[in-house]
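So the chains spell out like this:
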Amino acid sequence: MSDDARVRLEPGLVRLRAANPSPMTGPGTNSYVLGRDRLLVLDPGPAEDGHLAALLTEIDGRPVEAILVTHAHRDHSALAPALAEATGAPICGFGTAHAGRSPLMRRLAEAGLGGGEGLDAAFRPDRILREGERIGAGGTPVTALHMPGHMAGHLCFVWRGAVFSGDLVMGWASTLISPPDGDLAAFRRSCARLRALQPRRLYPGHGAPVDRPAPRIDWLLSHRAEREAQIVRVLSKGPADAGEITRLLYADIPAELQGAARRNVLAHLLDLMSRNRAIAETPGLAEARFKLT
């Protein structure tokens, strides 16, 4: 583990970064160890032996009260069973990888919309966390908040006025929203709610801490609004599908990110459809051509 993979961020909080850098994870997934005498581990990360060893070294035999998982993507949750076996701590999360989907997203999933990138299909928490639940750690508990958008069952955790924001808000990139796992309308609502909390700092699932949360959240919402306006301008010239729009709007991004960009475009198209601003010309929404109403 490199020197900057382990950072003491403030008293009672250490970040350990997994060695899984990629175009979708940035420098790697952040795992957090909270507390001093009694601990919480937040987002244990991918199923990598080296990362498990680093976490156990940091824990150093201290009792772990709970393993908290923001959402059931493998880069955040896959190591949880091995860590639970090593520490005896319960795994806590919102539910399975499909938990919390809206009726619309459930219908779209049943219709074969696609998605599923990186889902941890085996994830089964020992304890289901709901909105407002508190989980203790040496006298400094965290509070779970249901913040869907990136995933339907995404949780954030409030701790000493800071928020562990998972993949809802990150400092290094915008958030992938791939329906039916992700939901753009829910993402906007969750971002607005997070901003209203006025956290002193965000500790994201990837990248560095966000020291100025409000401007970062404003940028994310503005970015989505700008992207929607671009998509509407394309559709104003005639019907198009998500692939065609992606090639027009994301011509300058690397090929390995084109698939994620297409899923983000599809999320916008479905959001426009849900607000009666666009309709699909054909069934099979993943491949359909859309037009403005």
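Structure first, text after, so check above.
Notes on the structure follow. If you're wondering where the values come from, they're calculated on a predicted model, not measured in any experiment.

1. Examining unusual backbone geometry
In this structure, Pro180 follows Pro179 across a cis peptide bond, with omega equal to 5°. Within the secondary structure, Pro180 sits in the loop between strand E11 (162–166) and helix H5 (184–196). Despite not being glycine, Arg160 shows a phi value in the positive range, around 55°. With a phi close to 60°, Asn276 is a non-glycine residue in the positive phi region.

2. Quick word on the pairing of strand E4 (residues 39–42)
Along E4, one buried face is formed by Leu39 and Val41 and the opposite face, lined by Leu40 and Leu42, is buried too. Sheet analysis places strand E3 (residues 30–35) next to E4, joined by four bridges and oriented antiparallel. Residue pairing across strands places Tyr32 opposite Leu42, the latter belonging to E4. Linking two consecutive strands that pair antiparallel, namely E3 and E4, is a turn of three residues.

3. Quick look at the environment of Gly182
With respect to the helices and strands, the residue Gly182 is situated in the loop between E11 and H5. With residues up to four places along the chain from it excluded, the contact list for Gly182 reads Met105, Gly149, His150 and Ile177.

4. A closer look at the pairing of E3
Most of E3 sits out of view: six of its six residues are buried. Summarising the sheet, strand E2 (residues 13–17) and E3 pair through five bridges and their orientation is antiparallel. In the sheet register, Leu16 faces E3, and the bridge partner there is Ser31.

5. Section: the packing of H5 against helix H8 (residues 258–274)
At their nearest, the axes of H5 and H8 sit 8 Å apart, and the two run at 90° to each other. Judged on the interaxial angle alone, H8 and H5 are roughly perpendicular. Here H5 contributes Leu184, Ala185 and Arg188 to the contact with H8, which in turn contributes Ala267, His268 and Asp271.

6. A look at the packing of aromatic side chains
Enumeration according to the criterion identifies four aromatic pairs in this entry. These aromatic residues form a ring-pair network of at least three members: Tyr32, Trp159, Phe164 and Tyr203. Above the face of the Phe187 ring, Arg224 is positioned so that its terminal group lies 5.6 Å from the ring centre. The ring centre of Tyr250 lies 4.2 Å from the NZ or CZ of Arg227, which sits over that ring.

7. What about the sheet that holds E4?
Hydrogen bonds along the backbone pair up the strands of a sheet, which may run parallel or antiparallel. Spatially, the seven strands line up as an open sheet ordered E1-E2-E3-E4-E5-E6-E7, and their pairing is mixed. Where the open sheet ends on each side, the last strands, each with one partner, are strand E1 (6–10) and strand E7 (127–128). Sheet topology note: the strand E6 (residues 91–93)/E7 ladder contains two bridges and is parallel. By the bridge assignment, Cys92 is partnered in E7 with Arg127. Strands in contact with helix H1 (residues 49–59) are E1, E2, E3, E4 and strand E5 (64–68); relative to E2, the strand with the most contacts, it is inclined by about 165°. Contacting E4, E5 and E6, helix H3 (residues 80–87) crosses the sheet at an angle of about 175° to E5.

8. Regarding the pattern of salt bridges
A pair can form between side chains of opposite charge whenever their charged atoms are brought close. Following the criterion strictly, the structure yields 17 salt bridges and no others. With a shortest N-O distance of 2.6 Å, Glu58 and Arg6 are connected by a salt bridge. Here Glu58 is found in helix H1, whereas its partner Arg6 is found in strand E1, with 52 residues between them in sequence. Overall, Glu58 belongs to the buried group, its relative accessible area being 11%. Note that Asp271 and Arg188 form a salt bridge whose closest N and O atoms lie 2.7 Å from each other. With Asp271 in helix H8 and Arg188 in helix H5, this residue pair connects regions lying 83 residues apart in the sequence. Residue classification places Asp271 among the buried residues on the basis of a relative accessible area of 6%.

Cut-offs applied
- Numbers given to residues run from 1 along each chain, matching the order in which its sequence is written.
- Only residues with pLDDT of at least 70 get local features here, since the model is predicted, and only at 80 or more are side-chain atom pairs given and counted; chain-wide, interface and lining totals rely on the full set of residues.
- Hydrogens and water are ignored here; the side-chain numbers use all heavy atoms of the structure.
- Where helices and strands are cited, they refer to DSSP runs of H or I of at least four residues and of E of at least two residues respectively, numbered from the N terminus.
- The rule is simple: take the accessible area with a 1.4 Å probe, protein chains only, and divide by the maximum for that residue type; under 20% is buried, over 50% is exposed, in between is partly exposed.
- Between any two strands, pairing holds if DSSP finds at least two bridges.
- Only heavy atoms matter for contacts: two residues are in contact if any of them lie within 4.5 Å across the pair.
- Axis definition: a line fitted to C-alpha atoms, over the contacting stretch in the case of helices. Angles run 0 to 180 degrees between N-to-C directions.
- Orientation labels follow simple angle bins: below 35 degrees gives roughly parallel, above 145 gives roughly antiparallel, 65 to 115 gives roughly perpendicular, and whatever is left gives oblique.
- The aromatic pairing rule takes the rings of Phe, Tyr and Trp, using the six-membered ring of Trp, and pairs them if the centres are within 6.5 Å, calling planes under 30 degrees apart stacked, those over 60 edge-to-face and the rest tilted.
- By definition here, charges over rings are those cases where NZ of Lys or CZ of Arg is within 6 Å of the ring centre and within 35 degrees of the ring normal.
- In what follows, salt bridge is the name for a side-chain nitrogen of Lys or Arg lying within 4 Å of a carboxyl oxygen of Asp or Glu.

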